[in-house]
Amino acid sequence: MITYLKNIIANSPKRLITYADYIAAVLYHPELGYYMKDKPKIGRQGDFITTSNISDVYGRLLAKWFFYICEKTKLPPVFCEIGAGTGRFANAFLQEWHTSFGAPLTYIIVESSPYHRKQQRELLQPSFYFVQVESLEMIEPFSGMVFSNELFDALPVHVIEKIDGELVEVMVGMSEDEQLFEQRETLTNQAILSFLADSHLVIKENQRIEIPLAMETMMEDISKVLREGFVVTADYGYTNEEWTAPRRKQGSLRGYHQHMMIDNVLLHPGEMDITTHIHFDHLIRKGRKYQLELLTKLRQDEFLLKAGILKELEEHYDLNPFSEVSRRNRAIRSLILPSGMSTYFHVIIQQKGLDLSNQAVFLE
């Protein structure tokens, strides 16, 4: 990876690349990128965990919720998951769907990582039928639901700062001894300037912040494949107002390596996950541009409660803390307690071609 970065930096203007180019290289290079390598990334043997790795409760609950929506709205049972990781969410979803309902279902997985596609096939085949593609462009337009969990936070971002009243872009270079470093250049990228003007984001003096230009492309691609239905996005991020808090002055770009958070994302290129908090207001605004109207935005624990997670709790108490019932109940509580990881996530539900109220998509 260092050799690859050295070459692209050496052949770039001023021998500098944007953070977006750096992140795209270290995460998504077809052979050298972190997500593309044949090694564990999620779970105890990897570098981070996701909600679906805590328990199968999340996937099973979403299956029940989606069935309810299909029954109530007459939406075709087509469910598309973008970035399915190990396939654990899909496995739980499909198990619940076929066990509880037995109705026809088209389950589409969009996954760019060859390693994760292999994991998904090993877990799901031959028990379940599913469609697996590398990109949204490979899907024919459909009506149904598009779901993602921690998708947007992994997209490449530019990094800017305001210094002495002027906006600069933070670029990445490499020294003669092959050490990566930052260098600030006057902001000239018109796409970033347009983003700032469109988003009405206020950048304070000495504030550092990530600019997710790739977000709009993703929203447009999702809208292109969805004729009618819902887009459900689970992720962590901030509103414009929340971005102005003093504690976020240094931005949110972070790395995760062996379950340790690392502030300097120039370390361990190609060996570390890189993530950033997403711009909720911008996601909602750009959604509207592509006919994805906001239905609701909820904290993940609030969403799970509305979707009926309390019904998943077993009514009896098991004295054995290691029993399946006890483990399942602990997992449910971890998803809805104020101290649980769900409070850090939000679920944004957008609709296309429909005109439903917030109440219409939740269990009565």
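Summarised in this report is the structure supplied together with it. Here the structure is a predicted model, which is why all the values come from computation and not from measurement.

Description of the overall build of the protein
Point 1. Counting its secondary structure elements, the protein contains 12 helices and 17 strands.
Point 2. Since a compact globule built from 364 residues should have a radius of gyration of about 21 Å, the 21 Å found for the protein is in line with a globular shape.
Point 3. Based on the C-alpha atoms only, the size of the protein along its principal axes is roughly 60 × 40 × 40 Å.
Point 4. Sorting the 364 residues of the protein into buried and exposed places 56% on the buried side.
Point 5. Sequence separation of 24 or more characterises 74% of the internal contacts of the protein that already satisfy a separation of 6 or more.
Point 6. With the model as given, the accessible surface of the protein reaches about 16900 Å², and the carbon-plus-sulfur share is 51%.

Details of unusual backbone geometry
Point 1. Look at the link from Q125 to P126: it is a cis peptide, with omega at -5°.
Point 2. Position of P126 relative to the elements: it lies in the loop between α6 (114–124) and β4 (131–133).
Point 3. Of note, the phi angle at K74 is positive, near 65°, even though the residue is not glycine.
Point 4. Relative to the assigned elements, K74 resides in the loop between α4 (57–73) and β2 (78–82).

Structural notes on the sheet that holds strand β3 (residues 106–110)
Sheet strands pair via backbone hydrogen bonds, and the direction of the pair is either parallel or antiparallel.
Point 1. What the seven strands build is an open sheet, ordered β4-β3-β2-β5-β10-β17-β16; its pairing is mixed. If you trace the sheet from one side to the other, it starts and ends with β4 and β16 (293–299), each paired once. Each strand axis lies, on average, 15° off the axis of its neighbour in the sheet, ignoring direction.
Point 2. Of the pairings in the sheet, the one linking β2 to strand β5 (residues 142–149) comprises four bridges and is parallel in character. Residue pairing for β5: F79 is matched across the bridge by M145.
Point 3. Its contacts with the sheet put helix α5 (residues 88–100) on β2, β3 and β5, and the angle it makes with β3 is roughly 180°.

Some words on the nonpolar core
Point 1. Formed by 42 residues in total, the largest nonpolar core has its most connected members in W65, F79, F93, Y107, F303 and I349.
Point 2. Ignoring sequence-local partners within four residues, the contact set of F303 consists of L62, W65, L298, V347, I349 and F362.
Point 3. Counting residues in hydrophobic clusters, the runner-up holds 27 residues, among them I139, L155, V231 and F280.

Quick look at the environment of S199
Point 1. As for its position among the elements, S199 is in helix α7 (residues 190–199).
Point 2. Distance in space between the C-alpha atoms of S199 and H116 is 34 Å, their sequence separation being 83 residues.
Point 3. Among all residues touching S199, those that are not within four sequence positions of it are N240, H282 and R285.
Point 4. Only 2.8 Å separates the side chain of S199 from the backbone oxygen of F195, close enough to count as a polar contact.
Point 5. A polar contact of 3.4 Å, which involves the side chain of S199, links it to the backbone oxygen of L196.

Considering the sheet that holds strand β14 (residues 273–275)
Point 1. In spatial order, the strands read β13-β12-β14; together these three strands make up an open sheet with antiparallel pairing. In this open sheet, the two edge strands, each paired with only one partner strand, are β13 (260–262) and β14. Averaged over all adjacent pairs, the angle separating strand axes in this sheet is 30°, with direction ignored.
Point 2. By the bridge criterion, three bridges tie strand β12 (residues 254–257) to β13 in an arrangement that is antiparallel. Paired with H257 across the bridge in β13 is M260.

Quick word on the pairing of β3
Point 1. For β3, the buried fraction is high: four of the five residues fall into the buried class.
Point 2. Pairing of β2 with β3, which is carried by five bridges, proceeds in the parallel orientation. When the sheet's bridge partners are listed, F79 is paired in β3 with Y107.
Point 3. With α5 bridging β2 and the parallel β3, this β-α-β connection has right-handed handedness.
Point 4. Across three bridges, the pairing between β3 and β4 is parallel. The residue of β4 that forms the bridge with I108 is V131.

Things to note about the pattern of salt bridges
Side-chain pairs of opposite charge can arise whenever the charged atoms involved come near each other.
Point 1. Inspection of every chain in the model, using the stated rule, returns 19 salt bridges.
Point 2. Here E216 and K286 are joined by a salt bridge, their closest N and O atoms 3.4 Å apart. Here E216 is found in helix α8 (residues 213–225), whereas its partner K286 is found in helix α10 (residues 280–289), with 70 residues between them in sequence. Judged on exposure class, the residue E216 and its partner K286 are both buried.
Point 3. Among the charged side chains, a salt-bridge network with shared partners connects D56, R60, K64 and E96.

Quick notes on the rules
- Residues numbered from 1 in each chain as written.
- Predicted model: local features only at pLDDT ≥ 70, side-chain atom pairs only at ≥ 80, totals over all residues.
- Heavy atoms only, no water.
- Helix = DSSP H or I, 4+ residues; strand = E, 2+ residues; numbered from the N terminus.
- Rg over C-alpha atoms; globule rule 2.2 N^0.38 Å.
- Buried < 20%, exposed > 50% of the residue type's maximum accessible area, 1.4 Å probe, protein only.
- Contact = heavy atoms within 4.5 Å.
- Areas by Shrake-Rupley, 256 points an atom, 1.4 Å probe, with all protein chains shown as cover.
- Pairing = 2+ DSSP bridges.
- Axes fitted to C-alpha atoms, helices over the stretch in contact; angles between N-to-C directions.
- Core = buried A, V, L, I, M, F, W, Y, C linked by side-chain atoms within 4.5 Å.
- Polar contact = N/O pair within 3.5 Å; in protein donor to acceptor, adjacent residues only side chain to side chain.
- Right-handed = clockwise from strand over helix to strand, strands pointing away.
- Salt bridge = Lys/Arg side-chain N within 4 Å of Asp/Glu carboxyl O.

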